[in-house]
Amino acid sequence: MLNLMYLVLPAMLALNVSSETLHAFEVINESITAANEAIEDKNNELYKSFDEQQNQAGQEERVKPFNDKAKIAKAEAANLIKYLEEWKDKVVEQAGGYDDEGEIEKKDDIDASTLLLVEQKGGDELKAKLLATRDKFLSLVNPNAKASIAKDLPMKIVEPGKSENNPSGDWAYGYFHSMPTMAVVTLFSKLQNDVKK
C-alpha cells in the first residue's frame, strides 16, 4: 500500500504543476489580449490623426503618401491578425472546442498543435505568412531607415536552437510540437501583439 502511495503522489503533484502552468498561460493570455486592445485603440487614433492631417488645407500633397502607406500597413496587419485568430480557433477545435462557458475544453491537449502545425505543416505556412507580412511592412519604410527599423520591429521569427528533440532546429517543431493548447493560444496572442506594435 505504501508503495502505491509513492506512485500516486508524484502523479498527483505532476497534475497540480500542469494545472498551475496552464493557469499561468491563461493569465498571460488575458494580459496580452488586454494589451492588444489598448494598442489597437492607440493605433486607431494614429490612423485618425493621419486622416485629419491630410484633410487640413494645403496638407494633402505632403501627408497623402504617408497616409497611403499607413493604410496599407493597417490592412496587412488586420489580415495577419485575423489569420492568427483563425489558427487559434483551429487548434482549439482540434483539441475539443469550447465548453458552455466559452472556455477551452482541453487546455492541456498536446496533440492538436502537433497534428495541425507540425505533422500537417501548418507551422511552415504560418512562418511564411509572418515573414511575408514583415517584408511588406519593411517595404513601406524609408530605405535609409530600413535596417534600423528591421532590427527593432517586434515581429520576428526566432529560430529555436538545435536540440536532441529537434536536431534540425525546425521552427514549427520547436514552437508547436507537444505544446498544450492553452500555450499555443497564448503564443498566437503574443504574435498578434507583435503585429500591432
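Residues numbered from 1 in each chain as written. Predicted model: local features only at pLDDT ≥ 70, side-chain atom pairs only at ≥ 80, totals over all residues. Heavy atoms only, no water.

A. Looking closely at the overall build of the protein chain. Check the secondary structure of the protein chain and you find 7 helices and 0 strands. Mapped from its N terminus to its C terminus, the protein chain presents α and β elements in the order α-α-α-α-α-α-α. For 197 residues, the compact-globule estimate of 2.2 N^0.38 gives 16 Å, and the protein chain exceeds it by more than 25% at 21 Å. Based on the C-alpha atoms only, the size of the protein chain along its principal axes is roughly 85 × 40 × 25 Å. Expressed as a percentage of the 197 residues in the protein chain, the buried residues total 34%. (Helix = DSSP H or I, 4+ residues; strand = E, 2+ residues; numbered from the N terminus. Rg over C-alpha atoms; globule rule 2.2 N^0.38 Å. Buried < 20%, exposed > 50% of the residue type's maximum accessible area, 1.4 Å probe, protein only.)

B. Highlighting a negative patch on the surface. Residues Glu 37, Asp 41, Glu 45 and Glu 52 make up a contiguous surface patch of negative charge. Mapping Glu 45 onto the fold places it in helix α1 (residues 2-55). What makes Glu 45 exposed here is its relative accessible area of 51%. (Patch = residues over 30% accessible without salt bridge, like charges linked within 9 Å, V, L, I, M, F, W, Y side chains within 5 Å. Areas by Shrake-Rupley, 256 points an atom, 1.4 Å probe, with all protein chains shown as cover. Salt bridge = Lys/Arg side-chain N within 4 Å of Asp/Glu carboxyl O. Lys, Arg positive; Asp, Glu negative; His and termini not counted. Charge placed at Lys NZ, Arg CZ, Asp CG, Glu CD.)

C. Quick look at unusual backbone geometry. In this structure, Lys 121 takes a positive phi of about 65° despite not being glycine. A positive phi angle, close to 55°, is found at Ser 178, a residue other than glycine. Tracing the backbone shows Ser 178 in the loop between α6 (171-176) and α7 (181-196).

D. Inspection of the side chain of Ser 113 at higher detail. In this structure, Ser 113 sits in helix α3 (residues 111-119). In this structure the side chain of Ser 113 is engaged in a polar contact, spanning 3.1 Å, whose partner is the backbone oxygen of Met 179. When near neighbours in sequence (up to four residues on either side) are disregarded, Ser 113 contacts Val 91, Val 118, Phe 176, Ser 178, Met 179 and Val 184. (Polar contact = N/O pair within 3.5 Å; in protein donor to acceptor, adjacent residues only side chain to side chain. Contact = heavy atoms within 4.5 Å.)

E. Local environment of the packing of helix α2 (residues 60-94) against α3. Interaxial distance between α2 and α3 falls to 8 Å at its minimum, and their mutual angle equals 130°. What the angle tells us is that α2 and α3 run oblique. As for how α2 packs across α3, the hand of that crossing is right-handed. Listed contacts from α3 to Trp 87, Lys 90, Val 91 and Gln 94 of α2 are Ala 112, Ser 113, Leu 115, Leu 116 and Leu 117. Taken together, the residues that form the contact of α2 with α3 break down as 6 nonpolar, 2 polar and 1 charged. (Axes fitted to C-alpha atoms, helices over the stretch in contact; angles between N-to-C directions. Parallel < 35°, antiparallel > 145°, perpendicular 65-115°, else oblique. Left-handed = near helix turned anticlockwise from the far one by under 90°. Nonpolar A, V, L, I, M, F, W, Y, C, P; charged D, E, K, R; others polar.)

F. Seen up close, the side chain of Gln 192. Relative to the helices and strands, Gln 192 resides in helix α7. Residue classification places Gln 192 among the buried residues on the basis of a relative accessible area of 4%. A distance of 3.1 Å separates the side chain of Gln 192 from the backbone oxygen of Ile 81, its partner in a polar contact. Setting aside residues no more than four positions away along its own chain, Gln 192 makes contact with Asn 36, Ile 81, Leu 84, Glu 85 and Lys 88.

G. Just the packing of α2 against α7, in detail. Orientation of α2 relative to α7, taken along the N-to-C sense of each, is 180°, at an axis distance of 10 Å. Looking at the two axes, α2 sits roughly antiparallel to α7. Contact residues: Ala 77, Leu 80, Ile 81, Leu 84, Glu 85, Trp 87, Lys 88, Val 91 and Val 92 in α2; Thr 181, Val 184, Val 185, Phe 188, Ser 189, Leu 191, Gln 192, Val 195 and Lys 196 in α7. Taken together, the residues that form the contact of α2 with α7 break down as 12 nonpolar, 3 polar and 3 charged.

H. Region of interest: the layout of surface pockets. The computed volume of the largest pocket comes to approximately 810 Å³. Elements represented by at least two residues in the lining of the largest pocket include exactly α1, α2, α4 (122-139) and α7. Among the elements that take part in the lining of the largest pocket, α2 stands out by supplying 8 residues, more than any other. Its residues assigned to classes, the lining of the largest pocket shows 17 nonpolar, 2 polar and 6 charged. Within this model, the second largest pocket holds a volume of roughly 360 Å³. Going through the elements one at a time, α1, α2 and α7 are the ones with two or more residues in the lining of the second largest pocket. Counting residues per element, the lining of the second largest pocket draws most heavily on α1, at 6 residues. (1 Å grid on protein atoms, 1.4 Å probe; cavity = no way out; pocket = protein on both sides within 12 Å on 5 of 7 lines; lining within 4 Å. Points joined across faces, edges and corners; volume = space filled by probe spheres on them.)

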